[in-house]
Amino acid sequence: MDDRIVILDSCRYSVKDNGTCILRGWMYMGDDEPSVQVRADHIPLECSMTRWARPDVLAARPELIFPDENAGFEIRIPNMEHIFSLAESLRVRICYDRESLPVMQKDMKQVKSEYYGDTLNYYMECVERRLDNVYIQGWCINTFGELKMALLDEKGADQRDVHWGSVRRGDLPEQFDVSLSQCHGFIIEIPRDKIKGKLLRLTFANNAVTKEEVIHMRKFDRENARLGRILKTVSKDNKEKNKEIIREMGIRGFLDYLREESGSFADSYGYYEKKHRATARELKQQAKESFSPAPLFSIVVPLYHTPLNFLKELVDSVVSQSYVNWQLCLADGSKDDSLEKYIQANYGKDKRICYKHLQDNTGIAGNTNAAIAMAKGDYVVFADHDDALAPEALYWVARTLADHPETELVYSDEDLMDEKGNRIYPHFKPDFNLDCLRCINYICHLVTVKKSLLDKVGGLRKELDGSQDFDFLLRCAENTEHIRHIPRVLYHWRSHDGSTAGNQDNKQYAIDAGKRALEEHYARLGLEAEVEFAGIFIVFRTKFKVQGNPMVSILIPNKDHTEDLEKCIVSIQEKSTWKNVEIIVIENNSENEGTFLYYEELKKRYPNVKVVNYQGEFNYSAINNFGAGYAQGEYLLLLNNDTEVITPDWLERMIGYCQREDVAITGAKLYYPDNTVQHAGVVVGMGGFAGHILTGYGKNYVGYMGRLKTAQDVSAVTGACLMVKRSIFQQLKGLDEGFGVALNDVDFCLRARALGKLVVFIPDAELYHYESKSRGLETTPEKQERFNREIRRFQERYKELLEKGDPYYNPNLSLVRGDCSLRKAHENVGGRKA
């Protein structure tokens, strides 16, 4: 009995099914088959238990022999609201072989308090001073009745002169398993001089509970004293700086600069998009521009009982295009003729608008195909019936085709808009990224396809309704390399309770269709792969089957620090499920005698470990090149000695991608010891040369547009865990030893990319990284000069790329901050223009 284990990780509640208690954790039951028992006092209760894989548990507890990988559990107890009055306690136990272990035992009053407490949660994202105002931004999730918010002074009276604003938060439903209507983003502004007391209270209340956030104004004033320093830029002491900024950016730009610098949320999307939308003057100029040839765009739209206000907004957005050579094809599967009457009454005189009332509603794919059949254009543009195009959309597509006539598929950035047409959240995308597309349909809208390519791949497939566009894009990607991205928001995707953007529960069937589309895509390409839903709407993960039994040579430079090295090697040997490896420790100037005694013991313990001696000062490139000379493997893995394996199948996942003909290098997802992200890919241009993005975010954070959960092509990955084909390593003649400390991994990846090969970041291969413990930081003047010298060398070698910008990172995103936030007007670190 003593060797059985049950660990509860979390207890949370949902109002679904009359209130549900959700318990998550992991268990070890040996060979016994567990069951769950739930009692309210002595009354047995209905419940369910599901199991799922927990590779982190298997990796952390290697001494336990699990029968399979499904160590995790989730227990759901419904009808909690009916149980509160029936008993005084709630007990949950895992049963096995006439024995049981406790999962949770709580007083029912505590359970009730926690349940109703969980119906209301809030988060303060920003409390700061912006010019003369107190600016508050955050969100609240309410799942029980009406939400009421109030801002009170220290005496409990309503604070006067408060401006309230709401923000649609389409990023929250996915993370918290709630509907969009239950998510409330808020912005509150109040003049600082109107707050007379020492406290400000922001209250949140629903039908069950009230919560309060207290803002201490003295502390607020101290923390926001930075604003005073910023506002000195308008003073006489900074006259020259002011002039410089005004010369570069103009008066309006100078005011933008002040606004952006006065707060971290000043570049929120509502403000950003107003600055970047096309002006009336620009649209007028676009209308005058002529193209030769001037392509005819056929915009195809499937209709089905479309709300008239949405239909009007869509059609008006097409009619108002600055590029006028278009055809709008509307295929209506509605049961009545109300849409037909509306179109004829309001747009009947415009011969560019073609309408067809279908005899039967054949679904999204069928209705779209009917619209395609009406198309007479050189290119087909896809749009949904409740969305809208930016007025300059077709102009920029035409401009792109004129500049790149070989193009067969074009896509743009987009944003979400609410039911009232307010633009609320942007999707700033990378240039074409095949591996990202295989995880998530990041392309989405606006998509324009050359008619000849469409005819070649065929229309949309009705049997894949729900993911018909995902399947179509995969088939296009199989048949053309001429795909271009326009880094401008040219499409507005409506987020409402009936749309995929607004209510993902409405289209759960899309998951099955998307999985099938991806599996068939791999089958057509002859790639053996397992596809699974990642649990995030709608993200898939792929595990390519490793062909044969290739050896991996793991190269680990080391100087002393035997504790780190021991942890690293033990984790490889005992946690990794891929066994055909050799480990080459590259000794570099160790000073402790015990290090060499450890090496001897290590080689005796693990026959697949060898130690080679590099003579010379620290040069990461030279050390790895030296070690590679002893390697016998088909794949080389550069690995820091201060890493530790988390996921047992990390090598299979890295080999699976790396073995593809189009791939040269793969990289892993690395975490700091506190389970925050250390590496999730490298962006060229970050900080003026190159840098990691999304560092410091939690292990389960999805990241901007799913960047932390999707395999994707990147410009570079860190050398702390980098796999490369041996043939590629030899073709590139190893790492460039001119980059002895910094940027050698980025340079290596970029040279592999220059061969026409891909570099892939794989988030499902996970390790801890304790970050340069062996070498230390660049603290001495000599080390700092070496670091700066290598940066200058990198900037000279990749001047053109730095000017154009990283193709896998959108130019609308910041190159100063690594959090994928919006780029500020005064950022000046190179990169392409948005």
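Now for a quick tour of the structure.

## Details of the overall build of the chain
Okay, so step 1: If you tally the helices and strands in the chain, you get 25 helices and 38 strands.
Okay, so step 2: The proportion of buried residues among the 834 residues of the chain is 55%.
Okay, so step 3: Pairs at least 24 apart in sequence give 73% of the contacts found in the chain among residues at least 6 apart.

## As for unusual backbone geometry
Okay, so step 1: With an omega of 0 degrees, the peptide bond between Ser 292 and Pro 293 qualifies as cis.
Okay, so step 2: As for its placement among the helices and strands, Pro 293 is situated in the loop between α9 (280-288) and β16 (297-303).
Okay, so step 3: A cis amide bond links His 445 to the next residue, Leu 446, at an omega of -15 degrees.
Okay, so step 4: Among the structural elements, Leu 446 can be located in the loop between α14 (434-439) and β23 (447-450).
Okay, so step 5: With phi around 45 degrees, His 305 is a residue other than glycine that occupies positive phi space.
Okay, so step 6: Along the chain, His 305 turns up in the loop between β16 and α10 (308-319).

## Topic: the sheet that holds strand β5 (residues 48-52)
Okay, so step 1: Spatially, β1-β2-β6-β5 is the arrangement adopted by the four strands of the open sheet, whose pairing is antiparallel. Looking at which strands have only one partner, the edges of the open sheet turn out to be β1 (5-14) and β5. Across the sheet, the axes of successive neighbouring strands diverge by a mean angle of 20 degrees, strand direction being ignored.
Okay, so step 2: The pairing of strand β2 (residues 20-28) with strand β6 (residues 72-77) spans six bridges and is antiparallel. Of the residues in β6, the one forming a bridge with Leu 23 is Ile 75.
Okay, so step 3: Docked against the sheet, helix α3 (residues 108-117) engages β1 and β2, running at close to 55 degrees with respect to β1.

## Some words on the sheet that holds strand β7 (residues 89-96)
Okay, so step 1: A sheet is described by the order of its strands in space; here four strands give the open sequence β4-β3-β7-β8, paired in antiparallel fashion. The sheet is open, and its two borders are formed by β4 (43-44) and β8 (99-107), each paired with just one other strand.
Okay, so step 2: The pairing of strand β3 (residues 35-40) with β7 spans six bridges and is classified as antiparallel. Considered in β7, the bridge of Gln 37 is made with Arg 93.
Okay, so step 3: On top of the sheet, α3 reaches β3, β7 and β8; it is set at about 70 degrees to β8, its chief contact.

## Digging into the packing of aromatic side chains
Okay, so step 1: Summed over the entire model, instances satisfying the criterion amount to 30 aromatic pairs.
Okay, so step 2: A centroid spacing of 6.2 Å and a plane angle of 65 degrees characterise the contact between Tyr 342 and Tyr 347, whose relative ring orientation is edge-to-face.
Okay, so step 3: We classify Tyr 347 as buried; its relative accessible area is 10%.
Okay, so step 4: Taken together, a centroid distance of 6.4 Å and an interplanar angle of 50 degrees make the contact between Tyr 425 and Tyr 704 tilted. With Tyr 425 in strand β22 (residues 423-427) and Tyr 704 in the loop between β35 (690-692) and β36 (712-714), this pair connects stretches of sequence that are 279 residues apart.
Okay, so step 5: A residue is classified by how much of its surface remains accessible, and Tyr 425, at 26% relative accessible area, is partly exposed.
Okay, so step 6: Look at Tyr 704 and you get buried, because its relative accessible area is 11%.

## Digging into the packing of helix α16 (residues 468-479) against helix α17 (residues 509-525)
Okay, so step 1: Packing of α16 against α17 leaves a shortest axis separation of 9 Å and a crossing angle of 15 degrees. By the angle between their axes, α16 is roughly parallel relative to α17. Handedness of the α16/α17 crossing: right-handed. Contacts from Phe 470, Asp 471, Leu 474, Arg 475 and Glu 478 of α16 reach α17 at Gly 514, Ala 517, Leu 518, His 521, Arg 524 and Leu 525.
Okay, so step 2: A breakdown of the residues in the contact of α16 with α17 according to their chemical character gives five nonpolar, two polar and four charged.

## Structural notes on empty space enclosed by the protein
Okay, so step 1: A complete count under the given rule lists four cavities of 30 Å³ or more for this structure.
Okay, so step 2: In this model, the largest cavity occupies a volume close to 110 Å³.
Okay, so step 3: Taken together, 15 residues line the largest cavity, and the ones lying closest to its centre are Pro 430, Cys 436, Met 705, Arg 707 and Gln 712.

## Things to note about the pairing of strand β19 (residues 379-382)
Okay, so step 1: Of the two faces of β19, the one lined by Tyr 379 and Val 381 and the one lined by Val 380 and Phe 382 are each fully buried.
Okay, so step 2: Taken together, the four bridges between β19 and β23 define a ladder with antiparallel strand orientation. Bridge pairing in β23 places Val 380 opposite Val 449.

Analysis parameters
- Residues numbered from 1 in each chain as written.
- Predicted model: local features only at pLDDT ≥ 70, side-chain atom pairs only at ≥ 80, totals over all residues.
- Heavy atoms only, no water.
- Helix = DSSP H or I, 4+ residues; strand = E, 2+ residues; numbered from the N terminus.
- Buried < 20%, exposed > 50% of the residue type's maximum accessible area, 1.4 Å probe, protein only.
- Contact = heavy atoms within 4.5 Å.
- Pairing = 2+ DSSP bridges.
- Axes fitted to C-alpha atoms, helices over the stretch in contact; angles between N-to-C directions.
- Phe/Tyr/Trp six-rings, centres within 6.5 Å; stacked < 30°, edge-to-face > 60°.
- Parallel < 35°, antiparallel > 145°, perpendicular 65-115°, else oblique.
- Left-handed = near helix turned anticlockwise from the far one by under 90°.
- Nonpolar A, V, L, I, M, F, W, Y, C, P; charged D, E, K, R; others polar.
- 1 Å grid on protein atoms, 1.4 Å probe; cavity = no way out; pocket = protein on both sides within 12 Å on 5 of 7 lines; lining within 4 Å.
- Points joined across faces, edges and corners; volume = space filled by probe spheres on them.

Interpretation in functional terms is not warranted from these geometric data alone.
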